[in-house]
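Residues per chain, in single letters:
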Amino acid sequence: MAAVGTHEAEQTAASRWAGGRSPFDVGWGKLMMWLFLMSDALTFSGMLVGLWTLRLGSPTWPDRAHIMNIRLVGVMTAILICSSTTMALSVYETRRGARRRAVWFLTATILAGFAFAALQATEWTHFILDGARLNTNPWGVPAFSFTFFIITGYHGLHVVGGCVYLWAMAHRIAKGLSGAGGLEVAGLYWGFVDLVWVFIWPSIYLL
Amino acid sequence: MDAVAVRQPEMAHEPHPRESFIRHYIFSIDHKMIGKQYFLTTMFMALVGGAMAMLMRAHLGWPDNGVLSPEQYLQAVTMHGTIMIFFFLTVMLTGGLGNLLIPLMIGARDMAFPFLNMISYWTFVPGVITILLSYFVPGGPAGNGWTAYAPLSAVPAAEGGAGLGQTLWIIAILFVVISSLFGSLNFLTTVINLRTRGMSMGRLPLTIWGAFVTAVLALLSFPVLMAALGLLLLDRLAGTSFFEASNLIIGGAASTHQGGDALLWQHLFWFFGHPEVYILILTPMGVVSDIISTFSRKPIFGYKAMVLSLAAIGFLSFLVWGHHMFVSGMHPLLGAAFMGSTIIIAIPSAIKTFNWCTTLWHGRIHFTTAMLFAIGFVSVFVTGGLSGIFLAIAPVDLYLHDTYFIVAHFHFVMASASLFAILAGTYYWFPKFFGRMMNETLGKIHFALTFLGIYGTFYPMHFIGLHSNDRRLYETTAYPFLSHTGPVDVFVSLSAFLLGFAQLFFIANFLWSLKYGPVAGDNPWHANGLEWTTTTPPPHGNWEGALPAVYRWPYDYSVPGARDDYVPQTVQAIPLVAAAGAGGGEA
Ligand code: HEM
Ligand SMILES: [Cu+2]
């Protein structure tokens with residue numbers, strides 16, 4: 001016989017999802033960043049699907065090893081991956097309360113981001129000097145150059161935007177306006193930018 | 001134990017003594033005001049979209065009168081679809097109803113991030129302005145259908161409206177997409193994090209479940225559309241050719257664009273497009289479930305099945321997009337796979353329908369206007385769902401694709417169903433938000449005329465479609481095989497005018513009731529949801545004092561032995577009619 005009122009039952013069944021608390025123990029900022037990154041991942045997926053559709057539909061596809069400086073791109077990738085480490089260290093130091101060190105690690109991360117963007121710009125310059133444009137290129141497969149520009153460009157925007165975001169965070173950490181929680185949210189974004197590159201890199205340069 | 005203090009991140013919700021006009025009405029961050037802004041803006045867009053429909057029917061009923069030129073006709077079709085889908089239904093259901101209802105129904109003070117909520121509305125407004133602006137540019141607005149198929153949409157020289165009009169179309173939709181993304185971030189975070197004490201996921205009203213799954217779909221499908229629109233814009237403006245195949249001949253000259261693929265657009269678009277149609281129906285399904293339960297004075301039948309089928313529909317909706325492309329020359333095996341997944345998605349839809357009927361069964365039904373529209377929803381949803389099953393069968397669809405049969409299908413299952421739920425919801429929640437009741441007599445006239453108008457307009461389209469009348473054909477009189485359908489078209493047009501006329505009753509009722517409707521109490525329908533436990537209209541921060549704690553699901557109607565036939569979610573122990581015997585409790 002069910003008792004009138006369900007308070008007791010509720011007590012025993014009390015779970016993370018029972019309301020009155022965050023089920024994942026995270027604030028809205030972090031949760032929202034996770035959700036945003038999921039949706040952004042799908043934007044990139046749309047573009048990569050576009051790349052692969054056109055590429056598989058094209059009778060030929062230029063040999064990247066002859067056109068692009070694969071070694072330079074390897075360096076870019078290494079820089080970006082290392083910057084995720086400095087980012088993580090910065091969150092760690094903030095959590096320990098070592099704000100100065102945290103800001104140093106953040107600065108390193110930002111510099112790495114700019115280095116990546118600068119190398120990407122060199123890549124673009126070479127490519128353009130070789131005659132690549134959005135609608136044509138010397139290798140006779142227009143899709144090769146326009147997918148390159150659009151996808152690396154969109155990723156590059158994410159990197160530069162991320163640098164600005166981290167710069168603002170560094171400012172806030174230095175002033176004591178933000179704590180480890182806020183920085184972790186920024187770290188999620190930075191890790192994502194890194195992760196996406198791991199998909200773009202092989203799709204454009206390696207495979 | 002009894003005095004439960006609910007801990008919630010308090011977000012500066014002390015009543016503001018006096019907000020400036022701008023802070024209160026324009027750049028408000030209160031979810032109720034933002035919801036009203038969305039509601040009114042999208043209602044206005046519905047009028048624009050409706051006017052397009054009237055123009056189309058004026059032409060199609062009497063094609064020889066030359067009401068519209070061929071170009072204008074295609075533009076009217078396109079703008080009707082675009083405005084109704086993107087600027088009315090999508091945004092009304094999420095920005096409008098979602099904003100108004102989510103915090104109130106889960107016991108939150110506001111959205112998780114009220115400022116982003118305000119930004120979201122103010123990202124939508126430029127979209128509205130852009131799409132309206134496109135009427136006034138050389139060549140007029142886009143004329144390529146709401147699906148904007150490439151290469152027509154990618155080639156500025158293709159036809160009237162394919163120039164600046166199409167570019168503005170893309171930009172306008174991009175605004176809507178970004179605004180919706182902001183919205184779904186907020187909705188998901190709010191529902192996950194800000195439910196009040198005791199409001200477990202298993203006690204959420206189905207309206208909220210619908211809005212929640214909708215937000216998931218929007219979060220995962222809109223970004224793909226965003227990518228596609230971005231690439232399309234680049235194709236038009238920057239010289240890329242993602243969607244333009246090699247060697248197109250445009251106006252006698254070879255196009256300079258090389259290497260794209262028009263089918264890529266279709267895949268990306270429908271990967272978004274099918275979830276989108278469910279974005280337009282899941283919240284309505286929830287709204288109708290709640291209204292049917294309230295006015296049957298019975299618990300909703302099969303709550304768990306309702307939630308699971310919402311989730312199943314949400315999941316499956318990402319696997320069926322190919323059913324829009326059966327004629328695109330896809331591999332027959334792939335076609336068969338999409339056919340299979342499409343048939344499967346009909347199962348959860350049927351489960352929901354049976355549950356609505358079972359909820360009505362033996363209920364003590366109160367035929368309020370809201371209830372009539374909710375029952376009407378079930379009717380039009382079934383009618384449209386059944387034609388969906390025809391279309392799911394690939395060989396049948398090869399014949400029916402792009403005929404009026406499709407138009408009939410989705411106007412029943414999506415357009416009418418969504419519209420009915422929005423109207424039902426408006427009649428139902430109007431008292432809460434505006435403090436007054438709407439007029440029931442005018443409401444019932446509105447319902448009767450709308451219901452007749454809908455069936456009169458869309459039911460005959462099945463037959464026109466079976467006669468192979470193409471859905472975007474301008475000159476129906478030019479083909480002998482269509483000579484029998486002329487009178488049907490006249491009938492359809494007259495019904496459409498009736499349908500349009502019927503909405504005047506709604507507008508009049510809405511405006512009149514705002515000022516002269518009888519004052520509504522806090523809970524005029526004797527309903528259980530949390531939104532009815534606060535004052536009418538709800539104050540800033542939604543509840544005076546502490547947030548309510550929740551002890552039961554929102555469907556405890558006609559609990560045996562209880563004193564009243566409803567038990568609001570905040571009631572801990574059910575007041576009984578007699579001292580001994582009867583026990584109640586959660587169903
Ligand atoms: C019972 C389940 C359903 C099935 C089996 C089904 C099947 C289909 C199929 C196969 C098509 C493609 C027809 C063609 O273009 O040749 C279609 C079109 C469409 N369906 Fe459904 N459908 C179902 C339910 C729904 C629901 C619930 C909605 C919306 C709420 C919806 C909205 C649409 C729309 C908008 C189109 C036309 C899109 C366009 O070409 O403009 N359908 N449906
Ligand atoms: Cu579909």
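Coordinates for the structure precede this section.
All values derive from a computational prediction rather than experimental measurement.

*Asks:* Could you give an account of the packing of helix α7 (residues 262-296) of chain B against helix α10 (residues 369-392) of chain B, naming the residues involved and the relevant values?
*Replies:* Residues and elements named next belong to chain B. Put simply, α7 and α10 touch, their axes get as near as 9 Å, and they point 130° apart. As the angle between them shows, α7 and α10 are arranged oblique. The hand of the α7/α10 crossing is left-handed. For the pair formed by α7 and α10, the contact residues are I281, P284, M285, V288, I291, I292, F295 and S296 on the first element and A370, M371, A374, F377, V378 and F381 on the second. The residue inventory of the contact of α7 with α10, partitioned by class, reads 13 nonpolar, 1 polar and no charged.

*Asks:* Let's hear about the coordination of the copper ion (ligand 2): which residues, and what values?
*Replies:* Residues and elements named next belong to chain B. Those protein atoms acting as donors to the copper ion (ligand 2) are H274 (ND1), H323 (NE2) and H324 (NE2), and they sit at 1.8 to 2.1 Å. Sequence positions of the residues that donate to the copper ion (ligand 2) give the spacing H-x48-H-H. A relative accessible area of 5% places H274 in the buried class.

*Asks:* So what's going on with the side chain of H59 of chain B? Which residues, and what values?
*Replies:* The residue H59 of chain B is located in helix α2 (residues 31-61) in this model. Leaving out residues up to four positions away in the same chain, H59 of chain B has contacts with V67, L68, Y73 and Y474 of chain B.

*Asks:* Would you mind going over the interface of chain B and chain A in detail, with residue names and values included?
*Replies:* Taken residue by residue, the interface counts 50 residues in chain B and 42 residues in chain A. Carbon and sulfur atoms supply 70% of the area buried between chain B and chain A, which totals about 3800 Å² over both sides. The largest per-residue losses of area from chain B upon contact with chain A belong to I192, N193 and F242 of chain B, which jointly make up 14% of the total buried on that side. Applying the counting rule to chain B against chain A returns 0 salt bridges. Run the count over chain B and chain A and you get 9 residue pairs in polar contact (both at pLDDT 80 or more). Elements with a minimum of two residues in the side of chain B that touches chain A: α5 (164-193), α6 (206-237) and α7 of chain B.

*Asks:* Quick one: what's the story with the packing of α2 of chain B against helix α12 (residues 404-434) of chain B, residue by residue and with numbers?
*Replies:* Residues and elements named next belong to chain B. Two elements in contact, α2 and α12, have axes whose closest approach is 13 Å; the angle formed by their N-to-C orientations is 145°. By crossing handedness, the relation of α2 to α12 is classed as left-handed. Residues K32, K36, F39, M43, R57 and L60 of α2 lie in contact with α12, whose contacting residues are Y404, I422, T426, F433 and F434. Here the contact of α2 with α12 is composed, by residue class, of 7 nonpolar, 1 polar and 3 charged.

*Asks:* Before we move on, could you go through the state of the cysteines and cite the residues and values that matter?
*Replies:* Residues and elements named next belong to chain A. Scanning the model with the defined rule gives 0 disulfides over all chains in all. Not part of a disulfide, C82 finds its nearest cysteine sulfur in C163, a span of 15 Å. For C82, a relative accessible area of 47% puts it in the partly exposed group. Owing to a relative accessible area of 1%, C163 belongs among the buried residues under this scheme.

*Asks:* Explain the packing of aromatic side chains to me, using residue names and the numbers behind them.
*Replies:* Residue and element names in this part refer to chain B. Throughout the structure, instances matching the rule amount to 72 aromatic pairs over all chains. Ring geometry for Y38 versus Y121: centroids 5.0 Å apart, planes at 90°, classification edge-to-face. With Y38 in helix α2 and Y121 in helix α4 (residues 114-133), this pair connects stretches of sequence that are 83 residues apart. Here Y38 matches Y121 in class, with each residue buried. The ring of F434 carries the charged tip of K36 above its face, separated from the ring centre by 4.9 Å.

*Asks:* I'd like a description of a nonpolar patch on the surface, backed by residues and values.
*Replies:* Residues and elements named next belong to chain B. A grouping of L47, F501, L504, I507, L511 and L514 is seen on the molecular surface, where their side chains present a nonpolar patch of about 540 Å² in accessible area. Here the element with the most residues in the nonpolar patch is helix α14 (residues 486-516); it accounts for 5 residues. In this fold, I507 is placed in helix α14. Take I507: its relative accessible area is 30%, and that puts it in the partly exposed class.

*Asks:* Please set out helix α4 (residues 70-96) of chain A residue by residue, giving values where relevant.
*Replies:* All names here are of chain A. The terminal C-alpha atoms of α4 lie 40 Å apart, and with 27 residues this matches the ideal 39 Å at 1.5 Å per residue to within 8%. Against the buried residues of α4 lie α5 (99-129), α6 (142-175) and α7 (180-206). Directly after α4, the chain includes G97, whose backbone phi takes a positive value near 90°.

*Asks:* Hey, could you go over the environment of Y428 of chain B for me, with residue numbers and the actual values?
*Replies:* All names here are of chain B. For Y428, the location among the structural elements is in helix α12. A relative accessible area of 3% means that Y428 is categorised as buried. Spatially, the C-alpha atoms of Y428 and M438 are 8.9 Å apart, while their sequence positions differ by 10 residues. Other than its neighbours up to four places away in sequence, Y428 contacts I291, T294, F295, A370, W525, A527 and W532.

Scoring rules and cut-offs
- Residues numbered from 1 in each chain as written.
- Chains lettered and ligands numbered in written order.
- Predicted model: local features only at pLDDT ≥ 70, side-chain atom pairs only at ≥ 80, totals over all residues.
- Heavy atoms only, no water.
- Axes fitted to C-alpha atoms, helices over the stretch in contact; angles between N-to-C directions.
- Helix = DSSP H or I, 4+ residues; strand = E, 2+ residues; numbered from the N terminus.
- Parallel < 35°, antiparallel > 145°, perpendicular 65-115°, else oblique.
- Left-handed = near helix turned anticlockwise from the far one by under 90°.
- Contact = heavy atoms within 4.5 Å.
- Nonpolar A, V, L, I, M, F, W, Y, C, P; charged D, E, K, R; others polar.
- Donors = N, O, S within 2.8 Å, 3.2 Å for Na, K, Ca; no water.
- Buried < 20%, exposed > 50% of the residue type's maximum accessible area, 1.4 Å probe, protein only.
- Buried area = accessible area lost by both parts, 1.4 Å probe.
- Salt bridge = Lys/Arg side-chain N within 4 Å of Asp/Glu carboxyl O.
- Polar contact = N/O pair within 3.5 Å; in protein donor to acceptor, adjacent residues only side chain to side chain.
- Disulfide = S-S within 2.5 Å.
- Phe/Tyr/Trp six-rings, centres within 6.5 Å; stacked < 30°, edge-to-face > 60°.
- Lys NZ or Arg CZ within 6 Å of the ring centre and 35° of its normal.
- Patch = residues over 30% accessible without salt bridge, like charges linked within 9 Å, V, L, I, M, F, W, Y side chains within 5 Å.
- Areas by Shrake-Rupley, 256 points an atom, 1.4 Å probe, with all protein chains shown as cover.
- Expected span 1.5 Å × (residues − 1).

Take it as geometry only, folks, not as evidence of what the structure does.
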